[in-house]
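One-letter residues, chain by chain:
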Amino acid sequence: MTPTEDRLLQLAREQLDLGHAPDLDRTFAESGVSSVDAVSFLKVVSQEFHLSTTAGDCVGVDSLRDLAGLVDAHSG
């Protein structure tokens with residue numbers, strides 16, 4: 001597990017009321033995350049990792065693992 005994936009799992013536990021442990025490979029929809037909650041979570045992640053992303057950057061980001069890839073691609 002990468003440090004980014006580990007931190008995203010921590011943030012998911014803190015920010016999303018999943019009712020179960022977050023899974024890197026389950027889609028947000030499969031995890032029961034509404035689109036509104038997903039957008040709010042993406043804002044938290046952007047602040048945490050000091051990212052400036054567009055909605056277009058998030059196309060195809062369906063899971064925490066996808067999100068980790070996006071974060072790593074836009075970091076440093």
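Notes on the structure follow. (Residues numbered from 1 in each chain as written. Predicted model: local features only at pLDDT ≥ 70, side-chain atom pairs only at ≥ 80, totals over all residues. Heavy atoms only, no water.)

1. Here's the deal with unusual backbone geometry
- Residues other than glycine seldom take positive phi values, yet His50 does so here, at roughly 55 degrees.
- Considering the arrangement of structural elements, one finds His50 in the loop between helix 2 (35-48) and helix 3 (64-74). (Helix = DSSP H or I, 4+ residues; strand = E, 2+ residues; numbered from the N terminus.)

2. Considerations on helix 1 (residues 3-15)
- With 13 residues, helix 1 ought to run about 18 Å at 1.5 Å a step, and its terminal C-alpha atoms sit 18 Å apart, in line with that.
- The complete set of buried residues in helix 1 reads Thr4, Glu5, Leu8, Leu9, Leu11 and Ala12. Within helix 1, the buried residues cover an arc of 165 degrees as seen down the axis, which keeps them to one side. Relative to its buried face, helix 1 has exposed residues pointing more than 90 degrees away, namely Pro3 and Glu14. (Expected span 1.5 Å × (residues − 1). Buried < 20%, exposed > 50% of the residue type's maximum accessible area, 1.4 Å probe, protein only. Arc of directions from axis to C-beta.)

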